[in-house]
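Below, each chain spelled out in residue letters.
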Protein chains: 2
Amino acid sequence: MAEERFRKEETLEMRQRLIGQSCRLFYSEDPVKIVKARGQYMFDENGKRYLDCISNVQHVGHCHPAITKAATAQMDLLNANSRFLHDNIVLYADRLAATLPKKLSVFYFVNSGSEANDLALRLAEQYTRHEDVVVLDHAYHGHLKSLIDISPYKFRKLAGQKEWVHVAPLPDTYRGIYREEHPNPGQAYADTVKHLIEEINKKGRKIAAFFAESLPSVGGQIILPQGYFSKVAEHVRSAGGVFVADEVQTGFGRTGTHFWAFQLQGEDFCPDIVTMGKPMGNGHPLACVATTVEIAGAFTANGVEYFNTFGGTPVSCAIGLAVLDVIEKEDLRGNAIRVGAHLKDLLKKLQQRHEIIGDVRGVGLFVGLELVIDRRTKTPATKTAALVVKRLKEEDRICVSTDGPWESVLKFKPPMCFSMEDAELVVRCIDRILTDMEAKNLKLENEDI
Amino acid sequence: MAEERFRKEETLEMRQRLIGQSCRLFYSEDPVKIVKARGQYMFDENGKRYLDCISNVQHVGHCHPAITKAATAQMDLLNANSRFLHDNIVLYADRLAATLPKKLSVFYFVNSGSEANDLALRLAEQYTRHEDVVVLDHAYHGHLKSLIDISPYKFRKLAGQKEWVHVAPLPDTYRGIYREEHPNPGQAYADTVKHLIEEINKKGRKIAAFFAESLPSVGGQIILPQGYFSKVAEHVRSAGGVFVADEVQTGFGRTGTHFWAFQLQGEDFCPDIVTMGKPMGNGHPLACVATTVEIAGAFTANGVEYFNTFGGTPVSCAIGLAVLDVIEKEDLRGNAIRVGAHLKDLLKKLQQRHEIIGDVRGVGLFVGLELVIDRRTKTPATKTAALVVKRLKEEDRICVSTDGPWESVLKFKPPMCFSMEDAELVVRCIDRILTDMEAKNLKLENEDI
């Protein structure tokens, strides 16, 4: 297969003409054309190598040969739909069940995290017979109509907040309403949900679900305070709702210590519904909803079939199984623990030398570096963050991006094969860029916030 | 790869335990376990061959080697997301554009027909700034929350009809309100939409879109009367709405004579939005929305990114391109014309011998055989249809299924490599089964409608 069919300018011209411009390019002023990738490295049309710090979808590494092999073998054999009995779907569900608390034993396979979250909404509504949903501020749960409604990150820019949607404060202990110095931020933030539910009930409304990413990602690579989910689950369940943990960004061992990020909240906590997606198929459109026998039973009881054309096909499940195998065989969780700790450690050291680094946080290979103009006021250093991203690309061919309400958090969620040397390289480059910016006193001049 | 991991009973037990029971199996009383497939043939765990008359997803044939080859080559090279510039997405969009009227020149790639229809709704709303939708009776547009709302086939069994959804009569010239003998059923059915829109406007509401499958499928393999779409489009546009043609089931040459089923309605007709899905990736989760520069522009103008994680990746587009190549190289449209005509011809002859066959209709390899207890009253022969499906599977290992509001229409939408001999075989078997049922006078005894 030819690696390049068109010159870059031609590709760009066709892209602008043929693809909806709402589908944005990375580095829109000077997009990168990538033709090849392996592991955590991508290569442009001139063979130049880029270090990839952001592709969490290519979980076990770009173009992993074991995944390609499994996909090819199954594509050659069978890819009928899931209305025919097949071993792969049950084998895969069984393997996933083994990673989850026993209670979460029923699976629905779909094609994207968005489809998973939409189905989670349907399950919650059908089970609870309630309609309202509580979400965290700045959350993003997907691109579908129903999910824009429950994503403050999107609905604030679009149709606005629906009457059945309620926004709880983001439990951000760095810049939220309760911070590190609070004696029990987990409890305090959980109480905000409790009070919100009381307000909702006073209006005669009832909640179907509380939706949260186990580690809020678009919200700014947030690590939730201990005890938060357990307490929230209590409040949500006593109001007749269910707890949905959105693991679309964070599942499959990214945190290293645990297979699912919600497990960071303690062994006593179990969601009622878990949605999964991005890393699940290493780039193949594969996603899933796991739930309890009770919730699945209520959904079955309506007597209406749920058919997802491509969901749970033999090929999708073969790929999903291969991803699980590679995570185990290559000890990618161990790698996430070791490399993630090293990366965080190096960034913490960097923080001591650069005033602009307000916070370093993360777990495993889910890490955020928050830039601030002033550590006391915590004013977001949005422009500096954008400039660091640009210079890392131009000067070092390293891909990172920003997140958070002010796009002031540099995020790291690389393929899980990210190495010690990769971590050292990216930190060294950030150090050099920040040092240079400080020397030229560029930092504050470029900020107008 | 092992073709079978578990004994069939074990697979079934695991399926019942691990997979949501809303995900139904074909032949639920005695499901078929399929382990291998090629072209239009599937093989069970004992190597027994089934003729597949229903898998329209496996459009160019199950496990076509050219598709597997293209997928493997691209999987080995790159499968980054569409935020990076890549040739496949623009090449594929360009190839799709060549099949469509010039006006439909902007593309959004997604992972399922449901995602495509949901996005179509968003585009229509954003462009028109209206909210209401007109759909055809018995329509099914997908499994997402937003699509259940616009699918009478589903919402009647679930949450009911929303105030922003309006149902127009299905233009079924066999059993609808205007029939074959009507001088101009296309115009008459289009007028029902006109009057419906007038009613909607009287209530102070405004329509964003008219949604219809180009050939209503769940509705009973319906062939729409000539002139219907053009007239409807006039009414819809003068009310400020857009016309969405759902080609998820019918696109990619299934009709033989045309690449898109909406083109059966004449060259002067062009939808504002076309959604595509099932056959597009031959089983790979691949779907798309095509629209005009104006509609895409209105969507871009809201300033909000549309990012679909797996949509339009290099692998998805490589597979899509390979499907287009096979359709051309193997002249599958020509095959659909020839085999479809032969199948319809044979079924028409069968109709002369079997009173129970009320109607034979279709175009290309989209064919329906409607069974009725009485040709005059047209009472649906639901039980007989189910029995024919069951006997074809048990006695002949032929997979067909039913559709239509009363599940009385045997539907044929096989892989496009379906042969003359396949058509002859299935018709011969139906003939034998109907003859046997008539001899035993089983037909009417089994009907209680």
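Keep in mind that what you see is a predicted model, and the values were worked out from it rather than measured.

A look at helix α1 (residues 8-18) of chain A
For an α-helix the count is 3.6 residues per turn, leaving residues at separations of three or four pointing the same way.
Okay, step 1: Every buried residue of α1 of chain A is accounted for by Thr 11, Met 14, Arg 15 and Leu 18 of chain A. For α1 of chain A, the angular spread of buried residues about the axis comes to 105°, placing them on one side.
Okay, step 2: In this fold, the buried residues of α1 of chain A make contact with α3 (87-97) and β4 (106-110) of chain B.

Focus: the environment of Thr 68 of chain B
Okay, step 1: Within the fold, Thr 68 of chain B resides in helix α2 (residues 65-77).
Okay, step 2: Exposure remark for Thr 68 of chain B: the relative accessible area of 7% places this residue in the buried category.
Okay, step 3: C-alpha of Thr 68 of chain B to C-alpha of Leu 147 of chain B: the two residues are 79 residues apart in sequence and 32 Å apart in space.
Okay, step 4: Each residue touching Thr 68 of chain B, except ones within four places of it in the same chain, is listed here: Thr 72, Met 75 and Asp 76 of chain A.

A few points about the relation of the copies chain B and chain A
Okay, step 1: Its rotation angle being 180°, the transformation that places chain B on chain A also includes 0.0 Å of axial translation and leaves an RMSD of 0.0 Å. The two molecules are tied by a two-fold rotation axis, judged by turn and shift.
Okay, step 2: With an isologous cut-off of 70% or more, the 100% of interface residues of chain B that recur at the interface of chain A puts this contact in the isologous class.

Quick word on the domain arrangement of chain A
Residues and elements named next belong to chain A.
Okay, step 1: For chain A, the domain assignment lists domain 1 (8-60 + 332-445) and domain 2 (65-329).
Okay, step 2: Here the C-alpha centre of domain 2 lies 26 Å away from the C-alpha centre of domain 1.
Okay, step 3: With 36 residues of domain 1 in contact, the opposing surface of domain 2 contributes 35 residues.
Okay, step 4: Between domain 1 and domain 2, a total of about 3,000 Å² is buried, with carbon and sulfur atoms accounting for 56% of that surface.
Okay, step 5: The three residues of domain 1 that bury the most area against domain 2 are Arg 333, Phe 366 and Lys 378, which together make up 25% of that side's buried surface.
Okay, step 6: At the boundary of domain 1 and domain 2, one finds one salt bridge.
Okay, step 7: Two residues, Glu 370 and Arg 175, come together in a salt bridge whose shortest N-O distance is 2.7 Å.

A look at the packing of α1 of chain A against α3 of chain B
Okay, step 1: Relative to each other, α1 of chain A and α3 of chain B sit at 50°, their axes nearing to 9 Å. The angle between the axes of α1 of chain A and α3 of chain B places the two elements in the oblique class. The interaxial crossing formed by α1 of chain A with α3 of chain B has left-handed handedness. The residues of α3 of chain B that touch α1 of chain A, namely those facing Thr 11, Met 14, Arg 15, Arg 17 and Leu 18 of chain A, are Asp 87, Ile 89, Val 90, Leu 91, Ala 93, Asp 94 and Ala 97 of chain B.
Okay, step 2: For the contact of α1 of chain A with α3 of chain B, the residue count by class is seven nonpolar, one polar and four charged.

A closer look at the packing of aromatic side chains
Two measures describe an aromatic ring pair: the distance that separates the ring centres and the angle between the ring planes.
All names here are of chain A.
Okay, step 1: Throughout the structure, instances matching the rule amount to 36 aromatic pairs over all chains.
Okay, step 2: Aromatic side chains Phe 252 and Trp 260 sit 4.9 Å apart centroid to centroid with 65° between the ring planes, which places their arrangement in the edge-to-face category.
Okay, step 3: Joined through ring pairs, the aromatic side chains of Phe 210, Tyr 228, Phe 229, Phe 243, Phe 262 and Phe 269 make up one cluster.
Okay, step 4: The ring of Phe 43 carries Lys 36 above its face, with NZ or CZ at 5.9 Å from the centroid.
Okay, step 5: Sitting over the face of the ring of Phe 307, Arg 83 holds its NZ or CZ atom 3.6 Å from the ring centroid.

Quick notes on empty space enclosed by the protein
Okay, step 1: One pass over the full model with this rule turns up 13 cavities of 30 Å³ or more.
Okay, step 2: Each pocket or cavity is described by its volume, and for the largest cavity that value is around 290 Å³.
Okay, step 3: Put simply, the parts of the chain that give the lining of the largest cavity at least two residues each are α2 (65-77) and α10 (314-329) of chain A together with α2 and α10 (314-329) of chain B.
Okay, step 4: Within the lining of the largest cavity, the residues separate by chemical class into 13 nonpolar, 16 polar and no charged.
Okay, step 5: Of the voids in this model, the second largest cavity is the one considered here, and its volume is about 210 Å³.

Thoughts on the nonpolar core
Okay, step 1: Residues Phe 107, Phe 109 and Phe 412 of chain A together with Phe 107, Phe 109 and Phe 412 of chain B are the most contacted members of the largest nonpolar core, which totals 286 residues.
Okay, step 2: Apart from the residues within four sequence positions on either side, Phe 412 of chain A is in contact with Cys 53, Gln 221, Leu 343, Leu 347, Leu 365, Phe 366, Val 367, Leu 369, Val 400, Val 426 and Ile 430 of chain A.
Okay, step 3: Leu 215, Ala 261, Leu 264 and Val 363 of chain A belong to the second largest nonpolar core, which has five residues in total.

A look at the side chain of Asp 403 of chain A
Residues and elements named next belong to chain A.
Okay, step 1: Mapping Asp 403 onto the fold places it in strand β14 (residues 401-403).
Okay, step 2: A polar atom in the side chain of Asp 403 sits 2.6 Å from the side chain of Lys 411.
Okay, step 3: Apart from the residues lying within four places of it in its own chain, the contact partners of Asp 403 are Ser 217, Val 218, Gly 220, Ser 408, Val 409 and Lys 411.

Notes on the interface of chain B and chain A
The accessible area lost on association of the parts is a frequent measure of interface size.
Okay, step 1: Opposite the 100 residues of chain B that make contact, chain A presents 101 residues.
Okay, step 2: Here chain B packs against chain A, burying approximately 9,400 Å² in sum over the two surfaces, 63% of which is carbon and sulfur.
Okay, step 3: At the surface where chain B touches chain A, the tally comes to six salt bridges.
Okay, step 4: The salt bridge involving Lys 145 of chain B is made with Glu 125 of chain A; its shortest N-O contact spans 2.6 Å.

Here we look at the sheet that holds strand β11 (residues 357-363) of chain B
Residues and elements named next belong to chain B.
Okay, step 1: Spatially, the four strands line up as an open sheet ordered β11-β12-β15-β14, and their pairing is antiparallel. Only two strands of the sheet have a single neighbouring strand rather than two, namely β11 and β14 (401-403). The sheet shows a mean angle of 30° between the axes of neighbouring strands, taken without regard to direction.
Okay, step 2: Strand direction decides the pairing type here: β11 and strand β12 (residues 366-371), joined by six bridges, are antiparallel. Paired with Val 363 across the two strands is Phe 366, which belongs to β12.
Okay, step 3: Against the sheet, helix α11 (residues 332-353) makes contact with β11, β12 and β15 (409-412), and its axis sits at roughly 170° relative to β11, the strand it touches most.

Conventions and cut-offs
Residues numbered from 1 in each chain as written. Chains lettered and ligands numbered in written order. Predicted model: local features only at pLDDT ≥ 70, side-chain atom pairs only at ≥ 80, totals over all residues. Heavy atoms only, no water. Buried < 20%, exposed > 50% of the residue type's maximum accessible area, 1.4 Å probe, protein only. Helix = DSSP H or I, 4+ residues; strand = E, 2+ residues; numbered from the N terminus. Arc of directions from axis to C-beta. Contact = heavy atoms within 4.5 Å. Least-squares fit on C-alpha atoms with pLDDT ≥ 70 in both. Domains from an automatic or database assignment. Buried area = accessible area lost by both parts, 1.4 Å probe. Salt bridge = Lys/Arg side-chain N within 4 Å of Asp/Glu carboxyl O. Axes fitted to C-alpha atoms, helices over the stretch in contact; angles between N-to-C directions. Parallel < 35°, antiparallel > 145°, perpendicular 65-115°, else oblique. Left-handed = near helix turned anticlockwise from the far one by under 90°. Nonpolar A, V, L, I, M, F, W, Y, C, P; charged D, E, K, R; others polar. Phe/Tyr/Trp six-rings, centres within 6.5 Å; stacked < 30°, edge-to-face > 60°. Lys NZ or Arg CZ within 6 Å of the ring centre and 35° of its normal. 1 Å grid on protein atoms, 1.4 Å probe; cavity = no way out; pocket = protein on both sides within 12 Å on 5 of 7 lines; lining within 4 Å. Points joined across faces, edges and corners; volume = space filled by probe spheres on them. Core = buried A, V, L, I, M, F, W, Y, C linked by side-chain atoms within 4.5 Å. Polar contact = N/O pair within 3.5 Å; in protein donor to acceptor, adjacent residues only side chain to side chain. Pairing = 2+ DSSP bridges.

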